[in-house]
Amino acid sequence: YISPYYLSKYINFKQKYFKTAGQGSSQQNLAKDDILNFKVAYPHSEDEQISITDVLADTDALIESLEKLIAKKRDIKQGAMQQLLTGKRRLLGFSGKWEVKKLGEVVGRITTGKLDANAMTENGEYRFYTCAKDYYQIDRYAFDTEALLVSGNGANVGYVHYYKGKFNAYQRTYVLSSFSENILFIKLFMDRNLQERIRVEVNAGNTPYITMDTLSEMSIMFPPTEEEQTAIAQIFTDMDKEIESLEQKLDKYTMLKQGMMQQLLTGKIRIYANN
């Protein structure tokens, strides 16, 4: 006897087999013999099969609940950005009219890096920013400042990093520094609005890219005081930390599930040692 639920877990665990078996054409197809020849490892005891699937089901439920919570937190953040970054809703204790300024008016310097995208070095001392969402390492720096770094082309065009310290940058990565307004508030506004500006105004083609004017001519709404900008930025910093913590927990449980499947669905660990 094989529990259908146990069998479904085992098949999902062995996806690599089906992907390999289905190769050989532009569109993968499984043959009947591929399925009939698929070997299944399973405990003879129905109780042990059920116990294994119960453990994996509980882990799946935990992962799903974390995914839903992360999605909810992101939705809350988006809603809050819609209210707080447009002046539609004000924090308690703050008043006054918001002012619209061009990004070029509040940034003292907009430049780019000078290096090729593959200039990174393994175990380098400094951060190296390219047009990727992740940063790399490098053994020399060209900047020592508090900055926003904007991906200038590629799949992640318009992605914004914040960093304070010594770093280097790719020649298509824009480096913005010397701000007269709160830098984290500006990053929030760019996170929310830059992608739409790129979509509407910037050349795309096969390799989308942005120009200096895309950034310098971008309009940003500012609260009238540095204090309100800082307070708004802190709210979203706290939200990001909470979401990041949940994402790390999700990664942890996802890896734990993979480890459990590797142990339980191969018989390396038995739930009932006498079976």
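The structure under discussion appears in the preceding block.
As the structure is a computational prediction, the values presented were derived from the model and not from experiment.

We now examine the overall build of the chain. Looking only at helices and strands, the chain features 8 helices and 8 strands. Computed over its C-alpha atoms, the radius of gyration of the chain comes to 26 Å, more than 25% above the 19 Å expected for a compact globule of 275 residues. C-alpha atoms of the chain, sized along the principal axes, occupy 75 × 45 × 35 Å. Out of the 275 residues in the chain, the part that is buried amounts to 39%. Within the chain, contacts between residues separated by at least 24 positions form 71% of all contacts whose residues are at least 6 apart in sequence. Carbon and sulfur atoms provide 48% of the accessible area of the chain, an area that totals close to 16,300 Å².

Here we come to the packing of helix α1 (residues 4–13) against helix α4 (residues 46–84). Between α1 and α4, the shortest axis-to-axis distance is 9 Å and the interhelical angle comes to 60 degrees. Taken together, α1 and α4 sit at an angle that is classed as oblique. For the crossing formed where α1 meets α4, the hand is left-handed. Contact residues: α1 offers Y5, Y6 and K9, while α4 offers Q49, I52, T53, L56, A57 and D60. For the contact of α1 with α4, a count of residues per class yields 5 nonpolar, 2 polar and 2 charged.

Those residues of α1 lying buried are Y6, K9, Y10 and F13. Projected down its long axis, α1 carries its buried residues within an arc of 95 degrees, all on one side. Among the exposed residues of α1, those pointing more than 90 degrees away from its buried face are P4 and N12. Elements that come into contact with the buried residues of α1 comprise α2 (15–21), α4 and α8 (226–264).

Bringing unusual backbone geometry into the picture now. If you check the backbone angles, N123 has positive phi at about 65 degrees while not being a glycine. Mapped onto the elements, N123 comes out in the loop between β2 (107–112) and β3 (126–129). Taking the relative accessible area as the measure of exposure, N123 reaches 71% and is therefore exposed. We note that S178 has phi near 60 degrees; this positive angle belongs to a residue other than glycine. Summarising the element assignment, S178 is placed in strand β7 (residues 173–179).

Overall, the coordinates contain 11 aromatic pairs when judged by the stated rule. Taking 5.9 Å as the distance between ring centres and 50 degrees as the angle between the ring planes, the aromatic pair formed by Y10 and F38 counts as tilted. In this pair, Y10 sits in helix α1 while F38 sits in the loop between α3 (32–36) and α4, placing the two residues 28 residues apart along the sequence. You'll find Y10 and F38 in the same group, each marked buried. Taken together through their ring pairs, the aromatic side chains of Y129, Y135, F143, Y163 and F167 make up a single cluster. Sitting over the ring of Y135, R127 keeps its end group 3.9 Å from the ring centre.

The rules behind these values
Residues numbered from 1 in each chain as written. Predicted model: local features only at pLDDT ≥ 70, side-chain atom pairs only at ≥ 80, totals over all residues. Heavy atoms only, no water. Helix = DSSP H or I, 4+ residues; strand = E, 2+ residues; numbered from the N terminus. Rg over C-alpha atoms; globule rule 2.2 N^0.38 Å. Buried < 20%, exposed > 50% of the residue type's maximum accessible area, 1.4 Å probe, protein only. Contact = heavy atoms within 4.5 Å. Areas by Shrake-Rupley, 256 points an atom, 1.4 Å probe, with all protein chains shown as cover. Axes fitted to C-alpha atoms, helices over the stretch in contact; angles between N-to-C directions. Parallel < 35°, antiparallel > 145°, perpendicular 65-115°, else oblique. Left-handed = near helix turned anticlockwise from the far one by under 90°. Nonpolar A, V, L, I, M, F, W, Y, C, P; charged D, E, K, R; others polar. Arc of directions from axis to C-beta. Phe/Tyr/Trp six-rings, centres within 6.5 Å; stacked < 30°, edge-to-face > 60°. Lys NZ or Arg CZ within 6 Å of the ring centre and 35° of its normal.

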